[in-house]
Amino acid sequence: MKTPLEVIGRKRDGHEHTPEEIQFLLAGYLRGEIPEYQMAAWLMAVCIRGMTAAETLALTDAMVASGEVLDLSAIEGVKVDKHSTGGVGDKVTLVAGPLAAACGVKVPKLSGRALAHTGGTLDKLESVPGVTVDLEPERFIQQVRDVGLAVAAQSPRMVPADKLLYALRDVTATVPSIPLIASSVMSKKIAAGADAIVLDVKFGRGAFMPDVASAEELASEMVTLGEGAKRRTVALVTAMDNPLGRTVGNALEVQEALDALAGEGDEELLEVCLRITREMCALAHVTADVEKVLRSGAGREIFERMLAAQGGHLEQGLPVAPVQVAIKADANGYVEAVDALEVGLAALELGAGRVRKEDKVDPAAGFVIEAPVGARVRRGDALVTVHARSQELVDRVATGLGGAWRLSEREVRKPPHILARVDKNGVTRGG
Ligand code: URA
C-alpha cells in the first residue's frame, strides 16, 4: 500500500484515486493515524483538482460506512426525505413535509442546525414551546408510522467522518468544492435511510452556490450519488438571491409555515412548496391533488400533530420579540432586489442564527419583509420590520438591512424561482 504522502501527492498531480486509496485516507484519519495537516493538504488538493464521479462515490461510500445507517424497514411504503442546501427564509421543509405526509407520503426527515447565515430547520422547530428534536430511532420510526412525518436531529453516531471533515474544511478554506459538498450532504442522506430523496439546491447571494451553473453541477453530482446508492433522487435548482417568503427568523418562520399550510402566503413560497411536494409524491408513487390537499388544511393538521408528538405546545403561543421596529424606504420606487446575504447576516447579528456552534439562538428574533421584490413603495413606507431583543440590536442592523433593498424607478417583474430539475436522465431547464 502507498503511504499517505504518496496518496496526497497523486491528487496534487491530478491523478484519479482508486476507491482503496480513498478508504485508506479516510479510515486512517478516523483512527487518528493520519494527522489533520495531511488531511487538510489532501482536501486542498481535492478543491483544486476536483474529483471524478467514481472518486466522489467512493468517498461517499466510505463516509456512510464510518457510522450507523438508520433502518427504516419497519415503516411501510416508500419513505421520502427532503433536503435543502440552505437559504435565507427557507422554511420549505416545514410546509412540504406536512403537506406530503397529508398526501400519504411517509416522511422521515433528519435535519441540521443553522449553518453560517442560513437558518436551520431544527432551530425553527425548537422555537415552539416544548418541542424536542432529539428522538431515539424507535420513537422517530413510530412517529413516522403514526403521523406520517418526523423531523429530528441526526444522531452523532451517523457519518462521524463528515463531522470531523466538515470541521477541518471550515478552518482550511476547503468548504466550496462540489465533490466535497455533494459527498458530505449525500452521505448523511443515505445514512438517514429513506428510499427516495428530493433535493432543493439553491444558488445566488444567500446560498452556497453562487450561480445557476454551479448549482446544476452540484445537483447532478448529488443525484448521481443518490442513484448510485439505489435511492431515487430528484433535485430542483432554485433561486436564493432574495429571501424566500415574507419572514426570516425561527418563530416567525414557523408562523409563516402554519399560514402557508392554511393556503395563505407568499406566492413564491407556495410555488416551491407545492412543487417539492409533488416531486415527493411522485417518488412515493402517491397520486394526489396537492393543491386540494393544501386547501383542505390537512397539511396544517399533520404539522400540528407532529409538533405535539415531539412535545410541542403550540397553544402556549410562539415567542414574540419585545422590540419591533419598521425600517422605511427613503425614496419612491419598485423593489428590484432584497439581498439575501445582507438579510441573513443581519439575522445572524440579531441572534436568529449562530456564529459559533455553542451559541444559543433567540427564537423570536428576525424580520418580516413588508416590501418584497416587485412591490411598489413610497418614501416612508415600511420595507421590513425588525423583531429584536433590544433597540440596541435594531440600531446595529438597521443600516446594513436598509441597504439590502434595491429600488428601481421602473416596474419590476419577479424573476423565475425554479430554474431547473435534475434527475438520473439529466437536467431539464425551466420551471
Ligand atoms: N452542507 C453540508 O452538509 N455539507 C457541506 O459540505 C456543505 C453544506
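Owing to the predicted nature of the structure, the values given are computational and were not obtained by experimental measurement. (Residues numbered from 1 in each chain as written. Predicted model: local features only at pLDDT ≥ 70, side-chain atom pairs only at ≥ 80, totals over all residues. Heavy atoms only, no water.)

1. Structural notes on empty space enclosed by the protein
Where we set the bar: Grid spacing is 1 Å over the protein atoms alone, the probe is 1.4 Å, and a cavity is where that probe fits but cannot get out, while a pocket is an open set with protein on both sides within 12 Å along at least five of seven lines and lining residues have an atom within 4 Å of a point. Grid points are joined across faces, edges and corners, and a volume is the space filled by probe spheres set on the points. The secondary structure listing takes helices from DSSP runs of H or I that are at least 4 residues long and strands from runs of E that are at least 2 residues long, numbered from the N terminus. Ten residue types, Ala, Val, Leu, Ile, Met, Phe, Trp, Tyr, Cys and Pro, are classed as nonpolar, four, Asp, Glu, Lys and Arg, as charged, and the remainder, Gly among them, as polar. The start and end points of each domain follow an automatic or database-based domain assignment.
In total, this model carries two cavities of 30 Å³ or more according to the counting rule given. Its boundaries defined by the atoms lining it, the largest cavity holds a volume of some 100 Å³. In terms of lining, the largest cavity is formed by 15 residues, of which the most central are His 117, Gly 119, Val 248, Ala 347 and Ala 352. Where the lining of the largest cavity is concerned, the elements lending two or more residues are α11 (250–260) and α15 (340–350). With three residues, α15 is the single largest residue contributor to the lining of the largest cavity. Looking at the lining of the largest cavity residue by residue, the class counts come to five nonpolar, eight polar and two charged. Residues lining the lining of the largest cavity come from more than one domain, with at least three contributed by each of domain 2 (80–315 + 418–429) and domain 3 (323–408).

2. With respect to the domain arrangement of the chain
The extent of an interface is frequently quoted as the accessible surface area lost upon association of the parts. Cut-off, in case you're wondering: Note on contacts: a residue pair is in contact if any heavy atoms of the two residues lie within 4.5 Å. Here the quantity called buried area is the total loss of accessible area, with a 1.4 Å probe, experienced by two parts when brought into contact, counted for both. A carboxyl oxygen of Asp or Glu within 4 Å of a side-chain nitrogen of Lys or Arg is what we treat as a salt bridge.
Once the domains are mapped, the chain shows domain 1 (4–50), domain 2 (80–315 + 418–429) and domain 3 (323–408). Listed by partner, the interface residues are 21 residues for domain 2 and 26 residues for domain 3. Summing the contributions of domain 2 and of domain 3, the shared interface buries around 1,800 Å²; its carbon and sulfur component is 59%. A salt bridge links Asp 123 to Arg 354; the nearest nitrogen and oxygen atoms lie 2.9 Å apart. Among the secondary structure elements, those contributing two or more residues to the side of domain 2 that touches domain 3 are β6 (247–248) and α11. Counting residues per element, the side of domain 2 that touches domain 3 draws most heavily on α11, at three residues. Taken together, the residues of the side of domain 2 that touches domain 3 break down into eight nonpolar, eight polar and five charged.

3. Here's the deal with the environment of Arg 376
The line we're drawing: The cut-offs for exposure are 20% and 50% of the maximum accessible area for each residue type, with area from a 1.4 Å probe on protein chains only; residues under the lower value are buried, those over the upper are exposed, and the others partly exposed.
Structurally, the position occupied by Arg 376 is in strand β10 (residues 376–377). Among the residues examined, Arg 376 registers a relative accessible area of 55% and is labelled exposed. Along the chain, Arg 376 and Lys 360 lie 16 residues apart, while their C-alpha atoms are 37 Å from each other. Once you skip the residues sitting within four places of it in the chain, Arg 376 turns out to touch Gly 333 and Tyr 334.

4. Focus: the sheet that holds strand β11 (residues 382–388)
The line we're drawing: Being paired, for any two strands, means DSSP has found at least two bridges between them. Structural elements are reduced to axes, namely lines fitted to C-alpha atoms, with helices fitted over the stretch in contact, and the angle between N-to-C directions of any two is expressed from 0 to 180 degrees.
Pairing is antiparallel in the open sheet, where four strands are placed in the order β6-β9-β11-β7. Where the open sheet ends on each side, the last strands, each with one partner, are β6 and β7 (323–328). In the packing of α15 onto the sheet, contacts are made with β6, β9 (366–369) and β11, and the angle to β9 comes to roughly 140 degrees.

5. Describing the site of the ligand
Just so we agree on the cut-off: Near, as used in this document, describes a residue that has one of its heavy atoms within 4 Å of the molecule or strand being considered. Under this definition, polar contacts are N or O atom pairs within 3.5 Å; protein pairs additionally need one hydrogen-donor-capable and one acceptor-capable atom, and for neighbouring residues in sequence, both atoms have to be side-chain atoms. Each accessible area is a Shrake-Rupley estimate made with a 1.4 Å probe; only the visible protein chains count as cover when residues are assessed.
Tyr 166, Arg 169, Ser 184, Lys 188 and Phe 208 are the nearest of the eight residues found near the ligand. In this structure, Arg 169 approaches the ligand through a side-chain N or O atom, which is 2.9 Å from an oxygen atom. Within the side chain of Lys 188, an N or O atom sits 2.5 Å from an oxygen atom of the ligand. About the coverage of the ligand: the protein hides 92% of its 240 Å² of free accessible area. The biggest single contributor to the shell around the ligand is helix α9 (residues 178–191), with four residues. Of the residues assigned to the shell around the ligand, the class counts are five nonpolar, one polar and two charged.

6. What to know about the side chain of Lys 124
The topology assignment puts Lys 124 in helix α6 (residues 121–125). The contacts of Lys 124, once residues within four sequence positions are left out, are Asp 90, Lys 91, Leu 94, Gly 119, Asn 250, Glu 253 and Val 254.

7. Here's the deal with helix α10 (residues 212–228)
Applicable threshold: Expected helix span is computed as 1.5 Å times (number of residues minus one).
For α10, with 17 residues, the first-to-last C-alpha span of 24 Å sits near the 24 Å given by 1.5 Å per residue. Every buried residue of α10 is accounted for by Ser 214, Ala 215, Glu 216, Leu 218, Ala 219, Glu 221, Met 222, Val 223, Leu 225 and Gly 226. Contacts from the buried residues of α10 go to α4 (53–64), α9, β4 (196–203), β5 (232–239), β13 (418–423) and β14 (426–429). Within two residues after α10, Lys 230 carries a phi angle of roughly 65 degrees, on the positive side.

8. A short note on the nonpolar core
Going by this rule: Take the buried Ala, Val, Leu, Ile, Met, Phe, Trp, Tyr and Cys residues and link them wherever side-chain atoms come within 4.5 Å; each set so joined is a nonpolar core.
Core analysis: the biggest nonpolar cluster contains 84 residues, and Leu 125, Phe 303, Val 343, Phe 367, Val 386, Leu 401 and Trp 405 have the highest contact counts within it. Among the elements that line this core, the one with the most residues is helix α12 (residues 267–283), at nine residues. The residues that make up this core include at least three from each of domain 2 (80–315 + 418–429) and domain 3 (323–408). Ignoring sequence-local partners within four residues, the contact set of Leu 401 consists of Ile 327, Val 343, Ala 346, Phe 367, Val 384 and Val 386. Ala 40, Met 158, Leu 168 and Ala 191 belong to the second-largest nonpolar core, a separate cluster that totals 35 residues.

9. Some remarks on the packing of helix α7 (residues 137–147) against helix α14 (residues 298–309)
Spelled out, the test is: These descriptions rest on fixed angle ranges, namely under 35 degrees for roughly parallel, over 145 for roughly antiparallel, 65 to 115 for roughly perpendicular, and the rest for oblique. Crossing handedness: left-handed means the near helix sits turned counterclockwise from the far one by under a right angle, and right-handed means the same turn made clockwise.
At a minimum axis distance of 11 Å, the contact between α7 and α14 shows a crossing angle of 150 degrees. Classified by the interaxial angle, the pair formed by α7 and α14 is roughly antiparallel. Crossing hand, α7 versus α14: right-handed. Residues Arg 139, Gln 143, Asp 146 and Val 147 of α7 touch α14, and the partners they reach there are Ile 302, Arg 305, Met 306 and Ala 309.

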